[in-house]
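Residue-level structure breakdown
As a plain string of letters, each chain reads:
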Amino acid sequence: MTLKQALSRARGILAGNNIEDAPLEAELLLKYALKISRTQLYLDLDHELSPQQEQTFWRLVERRLSGEPTAYTTTHREFYGLDFYVDPRVLIPRPESELLVEVALGLAQNHPLSTIADIGTGCGAIAISLALELPKTRIYATDISAPALEVAILNCQKHGVIDRVHLLHGDMLDPLLEPVDLIIANLPYVKESEIAGVKFEPRLALDGGSDGTERVRQLCRQAGGKLSAGGSLLLEIGRGQRGAVTALLNTLFPNGGIEVVPDLSGIDRVISLSLTASKHKVAR
Ligand code: GLN
């Protein structure tokens, strides 16, 4: 069997099992099985796989069919054009979370951010993407999960930002010792009742309580104490959560400006709160 045939058969099998992005997943698994780059793969599509390579590849495809995410199999995931190490200690970064990074960079263009805190950093994807784009900004990244922070350390080393991203262990904003210009967070926001089927990823990273917004609301209530005057809060949310979160923010920050940004599928994904420097008032 040639590489081309293996790719096309694997695509068909994955797609037939309702796996999204079957062509990409087949390619990632084949590259990983053969330890080759994408270029090598496409330059040599007529190359014959050895029986052993075939066996390795089909075993990986079976693992995918059993539900294991490809990113855990290959220990890699691309986010914001960067390659991150991932394993089951962390949630796999989702493409829609790149929107958080884009909105943060938009804010940074309008007024320089000297400090940013990424809350619930997981593998560090958001904090590291921002650190690379904003070399003058001091970045804090917190997580309640010590094992997740071990992964974030590996990624900070991999991307050469271990001296610029300050990793802190603790719940939400607790480990932050000073107010920051921007708090950015992709917290767990899946409803408790919807995570029963999660087999591979850490539930702690997904479980947002009974209505999904418990952790997000908790952060909103704490944010006033850790945002500098004129600071901003950027939150990723799930489908249908816009109303509850914006209502709470309006109550807590009556003078704050709120914007909601939809993702590429049109789902309200990022809520942005900007405090006005002069009238910042925290409602308790
Ligand atoms: N978007 C993720 C999912 O649907 C949820 C991420 C989160 O809870 N922060 O799996």
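As shown above, the structure is provided for reference.
It should be emphasised that the depicted structure is a prediction, and the values quoted were computed from it without experimental measurement.

The rules we used
- Residues numbered from 1 in each chain as written.
- Predicted model: local features only at pLDDT ≥ 70, side-chain atom pairs only at ≥ 80, totals over all residues.
- Heavy atoms only, no water.
- Axes fitted to C-alpha atoms, helices over the stretch in contact; angles between N-to-C directions.
- Helix = DSSP H or I, 4+ residues; strand = E, 2+ residues; numbered from the N terminus.
- Parallel < 35°, antiparallel > 145°, perpendicular 65-115°, else oblique.
- Left-handed = near helix turned anticlockwise from the far one by under 90°.
- Contact = heavy atoms within 4.5 Å.
- Nonpolar A, V, L, I, M, F, W, Y, C, P; charged D, E, K, R; others polar.
- Buried < 20%, exposed > 50% of the residue type's maximum accessible area, 1.4 Å probe, protein only.
- 1 Å grid on protein atoms, 1.4 Å probe; cavity = no way out; pocket = protein on both sides within 12 Å on 5 of 7 lines; lining within 4 Å.
- Points joined across faces, edges and corners; volume = space filled by probe spheres on them.
- Salt bridge = Lys/Arg side-chain N within 4 Å of Asp/Glu carboxyl O.

A few words on the packing of helix α2 (residues 22-34) against helix α4 (residues 51-65). Viewed as axis vectors pointing N to C, α2 and α4 meet at an angle of 140 degrees, and their least axial separation amounts to 9 Å. Judged on the interaxial angle alone, α4 and α2 are oblique. As α2 runs across α4, the sense of the crossing is right-handed. In contact with E25, A26, L29, L30, Y32, A33 and L34 of α2, α4 contributes Q53, T56, F57, L60, V61 and R64. Its residues assigned to classes, the contact of α2 with α4 shows 9 nonpolar, 2 polar and 2 charged.

With that settled, consider unusual backbone geometry. Even without being glycine, N18 reaches a positive phi, approximately 60 degrees. Looking at the secondary structure, you find N18 in the loop between α1 (3-16) and α2. Its identity is not glycine, yet K35 carries a phi of approximately 55 degrees, on the positive side. Among the secondary structure elements, K35 is positioned in the loop between α2 and α3 (38-43). According to the relative accessible area criterion, K35 is exposed, its value standing at 67%.

Estimated volume of the largest pocket: approximately 1600 Å³. Put simply, the parts of the chain that give the lining of the largest pocket at least two residues each are α2, α5 (70-74), β1 (76-79) and β2 (82-85). Considering only residue class, the lining of the largest pocket consists of 20 nonpolar, 8 polar and 17 charged. Counted as a void, the second largest pocket has a volume near 470 Å³. If you go around the second largest pocket, you meet 31 residues; those closest to its centre are G120, G122, D143, N186 and A205. Contributing elements (two or more residues each) for the lining of the second largest pocket: β3 (115-119), α7 (125-133) and β4 (138-143). When grouped by side-chain class, the residues that make up the lining of the second largest pocket number 17 nonpolar, 8 polar and 6 charged.

This part takes up the pattern of salt bridges. One pass over the full model with this rule turns up 11 salt bridges. Note that D83 and K158 form a salt bridge whose closest N and O atoms lie 2.9 Å from each other. Remark: K158 occurs in helix α8 (residues 146-158) and D83 occurs in strand β2; sequence separation between them is 75 residues. Overall, K158 belongs to the partly exposed group, its relative accessible area being 41%. Of the charged contacts in the structure, one is a salt bridge between R89 and E150, with a shortest N-O distance of 2.8 Å. Taken together, the residues R89 in the loop between β2 and α6 (98-110) and E150 in helix α8 connect sequence positions 61 residues apart. For E150, a relative accessible area of 42% corresponds to the partly exposed category.

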